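Secondary and tertiary structure notes
Residue strings, one per chain:
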Amino acid sequence: MSVSIENEEYMMQQAQATGGRTKLGIDDVISDDSGLLKLMEVGSWKSVTRLAARLIASSTDNPLKILQYKLCRVISLTKTKMYKNANDEITAIGDFNDPVNCFEHYSGLFPGRKGTMVPFSMRIMKADLAYLSNPTEQQSLDPLYSLLSLCRRKIDRFKLDLAAKDKMEAINVTPTIEDNNTIAEEITQQNTEETISIWLSRYRRIVLLLSSHHIEQKEYPSALHHLIDLVSSFPPSSSPSPSPQQYLQISALSALGRTYLQVGCVVAAKVVFSDIEELLANPSSNIDVLLNRGYMHLAMDEYTQAITSFDDVLKIDPSHIAASNNRSICMLYTCNLSKAISSLEDLLQRDPEHNLDESLISNLCTLYDLASDKSSDKKKSVMALVARFAPD
């Protein structure tokens, strides 16, 4: 079975094009927040590390900005797997609740603001780095679990505050600091519901991290426990109209159903996927639903039907990596190796800068090996594209 010559020649031309790497570097952007964001968008993480350091040096009069730039450095160092350097960056900040890291210490700059200036994402990164640095260590997930516990306590506390506020309003009583310092503080801010929403968002983010790490370690019961807990954190949806909350709920349910499929619980996955479709007025236009249908067909060895579902995804998003990868696998299982190869090559040809993905490259190189014993030249051309276009 032959590989598409047109696609192969195109990839070779791109790999050998003059000018070397085309992605942005630190000298290609303005040295400000917009330049930093642009580098992060294209995955130029080494340049992000350097530009963030440059911005830190020029922001000595704004401690909040410095901490935000340090977070960018921690993210970029983590992305490039420089975990020790990322940990060192966080350690240099010191105690997150130390006065020097709090708004009160800079009352002239931030009048009326209280608490730590360190972004909560920095706490998550610090906890996650404990796992990333040593994923086989038994206690490596403990920091994430500690953060999860903190989020639960905060959510429970603010829900009690909200209930107390409702009760006091019902009997027409205005709380004071003398009545209850904690309740009065939150009520006077009039943002308890918004605060609960913020902590719920943090909680869900940590649950997803823990679930993904447990799945990586093949600890599926723990992952399922967290995903079920995550799904239960969403209130019942009464409207089929799409909303940001509903999109999050569908993503959580999809993660739960797909994990069921990984452990062979097809019936449980089918129930979850059915629940998702009932949430939507037009489920056949939702990418998550179409992917779920494809995964279900794939789990039941219904490869032709799976290809149809993944095709439906690609009609909506022609560059969808997961749909493209899984469709090519199904094509392989239906004894259509040449089409499996050409479908991935077509994706790379359309937009190599944005469609280069580690799993896609791995699958394509594996398919090359299956197609021919002399696959090294084809794989070299792909690796050259990776060198030129792939993020750091």
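The structure under discussion appears in the preceding block.
Structure report, in brief. Here the structure is a predicted model, which is why all the values come from computation and not from measurement. (Residues numbered from 1 in each chain as written. Predicted model: local features only at pLDDT ≥ 70, side-chain atom pairs only at ≥ 80, totals over all residues. Heavy atoms only, no water.)

A closer look at the environment of Ala 52
Mapped onto the elements of the fold, Ala 52 is located in helix H3 (residues 45–57). Separated by 16 residues in the primary sequence, Ala 52 and Gln 68 place their C-alpha atoms 9.1 Å from one another. Non-local contacts of Ala 52, meaning those with residues more than four positions away in its chain, are made with Leu 36, Tyr 69, Cys 72 and Arg 73. (Helix = DSSP H or I, 4+ residues; strand = E, 2+ residues; numbered from the N terminus. Contact = heavy atoms within 4.5 Å.)

So, the side chain of Thr 80
Secondary-structure assignment places Thr 80 in the loop between helix H4 (63–79) and helix H5 (83–91). With near-sequence residues (within four places) excluded, Thr 80 lies in contact with Trp 45, Lys 46 and Asp 392.

A word on H4
Given a rise of 1.5 Å per residue, 17 residues ought to cover 24 Å, and the 24 Å separating the end C-alpha atoms of H4 matches this to within 8%. Where H4 terminates, the next one or two residues include Lys 81, which has phi positive at roughly 60°. (Expected span 1.5 Å × (residues − 1).)

Digging into the pattern of salt bridges
Oppositely charged side chains may form a pair once their charged atoms are brought near each other. With the rule as written, the count across this model stands at 10 salt bridges. For Lys 65, the salt bridge identified is with Asp 33, shortest N-O distance 2.3 Å. Remark: Asp 33 occurs in helix H2 (residues 33–42) and Lys 65 occurs in helix H4; sequence separation between them is 32 residues. The exposure class assigned to Lys 65 is partly exposed, which follows from its relative accessible area of 26%. On the basis of relative accessible area, Asp 33 is assigned to the partly exposed category, the value being 30%. (Salt bridge = Lys/Arg side-chain N within 4 Å of Asp/Glu carboxyl O. Buried < 20%, exposed > 50% of the residue type's maximum accessible area, 1.4 Å probe, protein only.)

Topic: the packing of aromatic side chains
Within this structure, the stated rule accounts for four aromatic pairs. Ring geometry for Phe 103 against Phe 110: centres 5.2 Å apart, planes inclined by 80°, an arrangement best described as edge-to-face. Residue class for Phe 110 comes out buried when judged on its relative accessible area of 10%. Here Tyr 295 and Phe 310 contribute two aromatic rings whose centre-to-centre distance is 5.8 Å and whose plane-to-plane angle is 65°, an arrangement assigned as edge-to-face. Of this pair, Tyr 295 sits in helix H13 (residues 287–299) while Phe 310 sits in helix H14 (residues 303–316); the two residues are 15 residues apart in sequence, bridging distant segments of the chain. (Phe/Tyr/Trp six-rings, centres within 6.5 Å; stacked < 30°, edge-to-face > 60°.)

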